[in-house]
Amino acid sequence: DIVFEMDEINDELPSTDIALVIGANDTVNSAAVEDPNSIIAGMPVIQVWKAKQSIVMKRTMGSGYAGAQNPVFFKHNNAMLLGDAKKMCDGLRSKLSEL
């Protein structure tokens, strides 16, 4: 399988070295789990912040469709790659092929 359900992959994330997020916001927003007052509280999300490292690729730091700021962007184990995701992925692939 190359596609997993959220509950299946969430169980694996604490033992995952890196979670690469491309263009997502609300679906990986930790406020849904950590902030009972958030507009998205209780929404099912992929808990990428539980991986050892997460990298989020987005054009901007803006909020998602729900309008909720994403605390994952500011977590110690997250890095932001801002810009065009295709260019970012191509650049990462190029650098990895050099290893």
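All figures in this text were calculated on a predicted structure; none of them were measured in a lab.

Draft legend 1. Representation of the confidence of the model for the chain within the structure. On average, the chain scores 92 in pLDDT, and the residues at 70 or more come to 99%. Looking over the chain, one finds the lowest element-wise mean pLDDT in helix H1 (residues 6-12), namely 90, and the highest in helix H2 (residues 31-34), namely 96.

Draft legend 2. Inspection of the pairing of strand S2 (residues 53-58) at higher detail. For S2, the tally of buried residues reaches five of six residues, placing the bulk of the element in the interior. When strand S1 (residues 18-22) meets S2, the two strands line up parallel, connected through five bridges. Bridge pairing in S2 links Ile-22 to Met-57. Summarising the sheet, S2 and strand S3 (residues 78-82) pair through five bridges and their orientation is parallel. Directly across from Lys-58, in S3, lies its bridge partner Leu-82.

Draft legend 3. Structural detail: the environment of Gly-23. Structurally, Gly-23 can be placed in the loop between S1 and H2. Residues Gly-23 and Ile-9 lie 14 residues apart in sequence; the distance between their C-alpha atoms is 18 Å. Those residues in contact with Gly-23 that sit more than four places away from it in its chain are Met-57 and Lys-58.

Draft legend 4. Summary view of a negative patch on the surface. On the surface, a cluster of negative charge is contributed by Glu-5, Asp-7, Glu-8, Asp-11 and Glu-12. Secondary-structure assignment places Glu-12 in helix H1.

Draft legend 5. Spatial organisation of the side chain of Asn-10. Within the element layout of this structure, Asn-10 appears in helix H1. Asn-10 gets classed as buried once you look at its relative accessible area, which sits at 12%. A polar contact of 3.0 Å, which involves the side chain of Asn-10, links it to the backbone oxygen of Val-45.

Draft legend 6. Structural view of the nonpolar core. In terms of nonpolar packing, the biggest core is built from 15 residues, with Ala-19, Val-21, Val-28 and Val-48 touching the most fellow members. With near-sequence residues (within four places) excluded, Ala-19 lies in contact with Leu-13, Val-48, Ala-51, Gln-53, Ser-54 and Ile-55.

Draft legend 7. Focus on the pattern of salt bridges. As enumerated under the stated definition, the model contains five salt bridges in all. Between Glu-34 and Lys-75 there is a salt bridge, and its shortest N-O distance comes to 3.2 Å. Placement of the pair is Glu-34 in helix H2 and Lys-75 in the loop between S2 and S3, with a sequence separation of 41 residues. According to the relative accessible area criterion, Glu-34 is partly exposed, its value standing at 43%. Measuring nitrogen to oxygen at the nearest pair gives 2.5 Å for the salt bridge that ties Arg-93 to Asp-90. One end of the pair is Arg-93 and the other is Asp-90, both in helix H3 (residues 85-97) and three residues apart, which spans about a single turn. Residue Arg-93 is classed as exposed on the basis of its relative accessible area of 55%. Among the ionic contacts, a cluster of salt bridges with common partners joins Lys-86, Asp-90 and Arg-93.

The rules we used
- Residues numbered from 1 in each chain as written.
- Predicted model: local features only at pLDDT ≥ 70, side-chain atom pairs only at ≥ 80, totals over all residues.
- Heavy atoms only, no water.
- pLDDT = per-residue confidence, 0-100.
- Helix = DSSP H or I, 4+ residues; strand = E, 2+ residues; numbered from the N terminus.
- Buried < 20%, exposed > 50% of the residue type's maximum accessible area, 1.4 Å probe, protein only.
- Pairing = 2+ DSSP bridges.
- Contact = heavy atoms within 4.5 Å.
- Patch = residues over 30% accessible without salt bridge, like charges linked within 9 Å, V, L, I, M, F, W, Y side chains within 5 Å.
- Areas by Shrake-Rupley, 256 points an atom, 1.4 Å probe, with all protein chains shown as cover.
- Salt bridge = Lys/Arg side-chain N within 4 Å of Asp/Glu carboxyl O.
- Lys, Arg positive; Asp, Glu negative; His and termini not counted.
- Charge placed at Lys NZ, Arg CZ, Asp CG, Glu CD.
- Polar contact = N/O pair within 3.5 Å; in protein donor to acceptor, adjacent residues only side chain to side chain.
- Core = buried A, V, L, I, M, F, W, Y, C linked by side-chain atoms within 4.5 Å.

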